[in-house]
Amino acid sequence: MADMALSVPRRSPLAGAADRLAAVTRASGGAVRLAELPFLAQVNVRVDAKGAAADAVGLALGLSLPLEPNTVVRAGELTVLWLGPDEWLLVGAPDTQRDLEQRIRAAAGDEHVSVTDVSAQRTTLLVSGARARDLLAHGCPLDLHPRAFGPGRCAQTMLARAQVVVVARDEPGSGFWVLVRSSFAGYLTDWLLDAAAECVAEV
């Protein structure tokens, strides 16, 4: 019997906000750029940082897991965020989560490692432009000055009362990633749009 199941197109949490995000980018003349980066692979890994498995996982991924708190390492399209002494978040290109999981499990072998696909749990907002730091500072308690939170830094924090992970991107002018739970994505986007309009009006 033929498979009659209907294929439902994927829809990102902020698919309906794309036009509003683009409009703010245009209105600000590029001073603030807001966009969703949908469907990025996100894999949570917990492993003893001092154990053999951590080294094996790093080799399999082509990088060393960051050991300094709140730092980021990159290799190609893969970004690894330090979340805790034995916890990391791997962020990669869309639809690569299964491959990442398999590589990590194979590398760890019989060593204890926890690997969880959390790709559907969050979406990612790109916040960039000359006023990006000012925009985030409206609702974030972090010191976002480049001396304190420069490229290659990340942190779990609050933004407009929403729990997020903020990543300072390391390419020139690339701004920040804001990883937010899908259930809070609409709320946070509305806040960012309002704050961006205020930021641009201050110029």
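What counts, and at which threshold
- Residues numbered from 1 in each chain as written.
- Predicted model: local features only at pLDDT ≥ 70, side-chain atom pairs only at ≥ 80, totals over all residues.
- Heavy atoms only, no water.
- Salt bridge = Lys/Arg side-chain N within 4 Å of Asp/Glu carboxyl O.
- Helix = DSSP H or I, 4+ residues; strand = E, 2+ residues; numbered from the N terminus.
- Pairing = 2+ DSSP bridges.
- Axes fitted to C-alpha atoms, helices over the stretch in contact; angles between N-to-C directions.
- Contact = heavy atoms within 4.5 Å.
- Buried < 20%, exposed > 50% of the residue type's maximum accessible area, 1.4 Å probe, protein only.
- Arc of directions from axis to C-beta.
- Disulfide = S-S within 2.5 Å.
- Parallel < 35°, antiparallel > 145°, perpendicular 65-115°, else oblique.
- Left-handed = near helix turned anticlockwise from the far one by under 90°.
- Nonpolar A, V, L, I, M, F, W, Y, C, P; charged D, E, K, R; others polar.
- Core = buried A, V, L, I, M, F, W, Y, C linked by side-chain atoms within 4.5 Å.

(A) Just the pattern of salt bridges, in detail. Under the definition given, this model contains nine salt bridges. In this structure, Arg-105 and Glu-101 form a salt bridge, with 3.8 Å as the shortest nitrogen-oxygen distance. Taken as a pair, Arg-105 and Glu-101 lie in helix H3 (residues 97-108) at a separation of four residues, close to a single helical turn.

(B) Structural view of the sheet that holds strand E7 (residues 122-128). Spatially, five strands are ordered E1-E7-E10-E9-E8 in an open sheet, and the strand pairing comes out antiparallel. This sheet does not close on itself; its edge strands, each paired only once, are strand E1 (33-37) and strand E8 (154-159). Within this sheet the neighbouring strands show an average axis-to-axis angle of 30°, counted without direction. Two strands pair when backbone bridges link them, and E8 and strand E9 (residues 162-168) are joined in this way by six bridges, in the antiparallel orientation. Residue pairing in the sheet places Met-158 in a bridge with Gln-163 of E9. Lying on the sheet, helix H1 (residues 18-27) is in contact with E1 and E7; it crosses E1 at an angle near 155°.

(C) Representation of helix H2 (residues 52-61). All of the buried residues in H2 are Ala-53, Ala-54, Val-57, Gly-58 and Leu-61. Projection of H2 onto a plane perpendicular to its axis shows the buried side chains occupying an angular sector of 140°, all on one side. For H2, the exposed residues lying more than 90 degrees away from the buried face are Ala-52, Asp-55 and Leu-59.

(D) Seen up close, the side chain of Thr-79. Structurally, the position occupied by Thr-79 is in strand E4 (residues 78-84). Residue classification places Thr-79 among the buried residues on the basis of a relative accessible area of 1%.

(E) A look at the side chain of Gln-97. Within the secondary structure layout, Gln-97 lies in helix H3. Residue classification places Gln-97 among the buried positions, given a relative accessible area of 16%. Sequence-distant contacts of Gln-97, that is, excluding residues within four places in its chain, are made with Ala-41, Val-43, Asp-117 and Ser-119.

(F) Focus on the state of the cysteines. Summed over the entire model, instances satisfying the criterion amount to zero disulfides. Its sulfur unpaired, Cys-140 is 13 Å from the next cysteine sulfur, which belongs to Cys-154.

(G) Structural view of the sheet that holds strand E2 (residues 41-46). Pairing is antiparallel in the open sheet, where five strands are placed in the order E3-E4-E5-E2-E6. Only two strands of the sheet have a single neighbouring strand rather than two, namely strand E3 (72-75) and strand E6 (114-117). On average, each strand axis in the sheet is inclined to that of its neighbour by 20°, with strand direction left out of account. H3 rests against E2, E4, strand E5 (87-92) and E6 of the sheet, and its axis sits at about 20° to E2.

(H) Representation of the packing of H2 against H3 within the structure. The N-to-C vectors of H2 and H3 enclose an angle of 135°; their axes lie 8 Å apart at closest approach. Put simply, H2 runs oblique to H3. The crossing of H2 and H3 is right-handed. Between H2 and H3, the residues in contact are Ala-53, Ala-56, Val-57, Ala-60 and Leu-61 and Leu-100, Arg-103, Ile-104, Ala-107 and Ala-108, respectively. Of the residues belonging to the contact of H2 with H3, the class tally is nine nonpolar, no polar and one charged.

(I) Expanded view of the nonpolar core. Counting residues in hydrophobic clusters, the biggest one holds 31 residues, and the most contacted among them are Leu-34, Leu-135 and Leu-188. Counting residues per element, the ones that place at least two in this core are H1, E7, helix H4 (132-137), E8, E9, strand E10 (176-181) and helix H5 (182-202). In terms of residue count, the dominant contributor to this core is H5 (seven residues). Ignoring anything within four residues of it in the chain, the contact list for Leu-135 reads Val-32, Leu-34, Val-127, Trp-191, Leu-192, Ala-195, Ala-196 and Cys-199. Residues Leu-63, Leu-65, Trp-88 and Val-113 belong to the second largest nonpolar core, which totals 19 residues.

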